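Listed below are the residues making up each chain.
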Protein chains: 2
Amino acid sequence: MLMCNPPHPGEILRELCLEPLGISVTAAASGLDVSRKTLSSILNGRAGISPEMAVRLSIAFETSSESWLNQQSQYDLWQAEQRRDSLQVSRLSAA
Amino acid sequence: MLMCNPPHPGEILRELCLEPLGISVTAAASGLDVSRKTLSSILNGRAGISPEMAVRLSIAFETSSESWLNQQSQYDLWQAEQRRDSLQVSRLSAA
DNA sequence: GTATAGTGTAACGTTACGGGTTACAATACA
DNA sequence: TGTATTGTAACCCGTAACGTTACACTATAC
């Protein structure tokens, strides 16, 4: 399990892709062929990176789709782990 | 990217957890504190493993939630990659 | 001051999916 | 024959990803 709160993938996208290249949200959304609202939601942490979006990002920025989706998984999992103790699950062993 | 079609995580769950321990679907669903239908959907590839379900599985089988969610991600990503060529995405470089 | 560009986001709709319940048909077994 | 197990259909709900349109705000250029 992860040690600490992973950043939302949207932050990484903004800081490592958009800002360094000086690309506007509008231009990036257009290049990715998604609406400006969809990209903005991701950048501001209001939506996650879907598998298809991961592939789009991998094409646009010549990266790996796996890295994008993994970041999202780690983020989602950390959220879920925060509620681990509230789950009523039994250890399952040989019947 | 992955080389070949990864198995649905539900198959692994059945083959590596339920069958070896001789646990019925009904009993496992009960232990996981989800409905029998929910577990059955996963086992038969009709539903994915959600972040919360990954945590449940990690408790029930004393495994890592990360491994379960990663398997699901790899599976989902492979599906998305199959449609890579149909996406109208532009390479994004410095403005 | 007045365009123009960029941004965030509210409001609305659609589609998909995880999850629940109930109920049914099929299988297997004591 | 009765009981346990299983898959799944039919229905519900909540949420999330996506789209469009429209608005308010900022900044920059003229």
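Just above, that's the structure.
Residues numbered from 1 in each chain as written. Chains lettered and ligands numbered in written order. Predicted model: local features only at pLDDT ≥ 70, side-chain atom pairs only at ≥ 80, totals over all residues. Heavy atoms only, no water.

A. Structural detail: the interface of chain A and chain B. Facing the 38 residues of chain A at the interface are 38 residues of chain B. Between chain A and chain B, the buried area comes to about 3400 Å², and carbon and sulfur atoms account for 62% of it. The three residues of chain A that bury the most area against chain B are Ile59(A), Val89(A) and Leu92(A), which together make up 19% of that side's buried surface. At the surface where chain A touches chain B, the tally comes to zero salt bridges. Among the elements of the structure, helix 2 (25-32), helix 4 (51-60) and helix 5 (65-81) of chain A are those that each provide at least two residues to the side of chain A that touches chain B. Here the element with the most residues in the side of chain A that touches chain B is helix 5 of chain A; it accounts for ten residues. Partitioned by chemical class, the residues of the side of chain A that touches chain B number 19 nonpolar, ten polar and nine charged. (Contact = heavy atoms within 4.5 Å. Buried area = accessible area lost by both parts, 1.4 Å probe. Salt bridge = Lys/Arg side-chain N within 4 Å of Asp/Glu carboxyl O. Helix = DSSP H or I, 4+ residues; strand = E, 2+ residues; numbered from the N terminus. Nonpolar A, V, L, I, M, F, W, Y, C, P; charged D, E, K, R; others polar.)

B. Highlighting the packing of helix 1 (residues 9-21) of chain A against helix 5 of chain A. All names here are of chain A. As a packed pair, helix 1 and helix 5 sit with axes 9 Å apart at the nearest point and diverge in direction by 140 degrees. When the axis of helix 1 is compared with that of helix 5, the two are oblique. Contact residues: helix 1 offers Pro9, Ile12, Leu13 and Cys17, while helix 5 offers Trp68, Gln71, Gln72 and Tyr75. Residue composition of the contact of helix 1 with helix 5, by class: six nonpolar, two polar and no charged. (Axes fitted to C-alpha atoms, helices over the stretch in contact; angles between N-to-C directions. Parallel < 35°, antiparallel > 145°, perpendicular 65-115°, else oblique.)

C. Summary view of the relation of the copies chain A and chain B. If you rotate chain A by 180 degrees and push it 0.0 Å along the axis, it lands on chain B with an RMSD of 0.0 Å. Put plainly, the chains are arranged around a two-fold axis. When you check the interface residues of chain A against chain B, 100% turn up at the interface there too, and the contact is symmetric in its surfaces. (Least-squares fit on C-alpha atoms with pLDDT ≥ 70 in both.)

D. Structural detail: the protein's contact with DNA strand D. Close to DNA strand D lie 18 residues; Thr38(A), Ser50(A), Arg14(B), Arg36(B) and Arg46(B) are nearest. By atom count, sugar and phosphate contribute 57% of the portion of DNA strand D lying within 4 Å of the protein. Within the side chain of Thr38(A), an N or O atom sits 2.3 Å from a phosphate oxygen of DNA strand D. Elements that contribute at least two residues to the surface near DNA strand D include exactly helix 3 (36-43) of chain A together with helix 2 (25-32) and helix 3 (36-43) of chain B. Considering only residue class, the surface near DNA strand D consists of three nonpolar, eight polar and seven charged. (Near = heavy atom within 4 Å. Polar contact = N/O pair within 3.5 Å; in protein donor to acceptor, adjacent residues only side chain to side chain.)

E. Spatial organisation of the protein's contact with DNA strand C. In the region of DNA strand C, 18 residues are neighbours, and Val25(A), Thr26(A), Arg36(A), Lys37(B) and Thr38(B) sit closest. Taking all atoms of DNA strand C within 4 Å of the protein, the share assigned to sugar and phosphate is 57%. Arg36(A) has a polar side-chain atom sitting 2.8 Å from a base nitrogen of DNA strand C. For DNA strand C, a phosphate oxygen lies 2.9 Å from a polar atom in the side chain of Arg46(A). Looking at the surface near DNA strand C residue by residue, the class counts come to three nonpolar, eight polar and seven charged.

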